Amino acid sequence: MSRSRKYSLLFGSKAKYTYWGLRGCSHGMYSSEGYNYWVYGIKGLIAFEIYEGWGIYKIS
């Protein structure tokens, strides 16, 4: 199973969440497709986001 990751550093209005950890995830049957989405930051100030996808959610 091939996975891909995308890292983003956001500032100002692009930082949409105040969060520290795993914000969302979705896993298909037998984990053949899914994603994990982590956010570390403060809304409106700064945020570091990590998106990991595989299967139909893979980042091309």
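Residues numbered from 1 in each chain as written. Predicted model: local features only at pLDDT ≥ 70, side-chain atom pairs only at ≥ 80, totals over all residues. Heavy atoms only, no water.

> Could you give an account of the packing of aromatic side chains, with specific residues and numbers?
Applying the stated criterion across every chain, the model contains four aromatic pairs. Pairing Trp20 with Tyr40 gives two aromatic rings, centres 5.0 Å apart and planes at 85 degrees, and the pair type is edge-to-face. Of this pair, Trp20 sits in strand β2 (residues 19-27) while Tyr40 sits in strand β3 (residues 34-42); the two residues are 20 residues apart in sequence, bridging distant segments of the chain. Each ring, one from Tyr35 and one from Tyr57, has its centre 5.3 Å from the other, and the planes form 65 degrees; the classification is edge-to-face. Taken together, the residues span a long stretch of sequence, with Tyr35 in strand β3 and Tyr57 in the segment after β4 (46-54) at a distance of 22 residues. Looking at Tyr35, the relative accessible area reads 24%, which means it is partly exposed. (Phe/Tyr/Trp six-rings, centres within 6.5 Å; stacked < 30°, edge-to-face > 60°. Helix = DSSP H or I, 4+ residues; strand = E, 2+ residues; numbered from the N terminus. Buried < 20%, exposed > 50% of the residue type's maximum accessible area, 1.4 Å probe, protein only.)

> Can you break down a nonpolar patch on the surface residue by residue, with the values?
A cluster of nonpolar side chains, contributed by Tyr7, Leu9, Phe11, Ile42, Leu45, Ile46 and Phe48, occupies part of the molecular surface with about 700 Å² of accessible area. For the nonpolar patch, the secondary structure elements donating two or more residues are β1 (3-11) and β4. Sort the elements by how many residues they give to the nonpolar patch and β1 lands first, with three residues. As for its position among the elements, Phe48 is in strand β4. Residue Phe48 is classed as partly exposed on the basis of its relative accessible area of 32%. (Patch = residues over 30% accessible without salt bridge, like charges linked within 9 Å, V, L, I, M, F, W, Y side chains within 5 Å. Areas by Shrake-Rupley, 256 points an atom, 1.4 Å probe, with all protein chains shown as cover. Salt bridge = Lys/Arg side-chain N within 4 Å of Asp/Glu carboxyl O.)

> Outline the sheet that holds β3, listing residues and values.
Sheet strands line up and pair through hydrogen bonds in the backbone, either parallel or antiparallel. Pairing is antiparallel across the open sheet formed by four strands, whose spatial order is β1-β4-β3-β2. Edge positions in the sheet fall to β1 and β2, since each has one partner strand and no second. Between one strand axis and the next, the sheet turns through 10 degrees on average, direction left out of account. Strand direction decides the pairing type here: β1 and β4, joined by nine bridges, are antiparallel. Looking at β4, one finds that Tyr7 is bridged to Ile50. (Pairing = 2+ DSSP bridges. Axes fitted to C-alpha atoms, helices over the stretch in contact; angles between N-to-C directions.)

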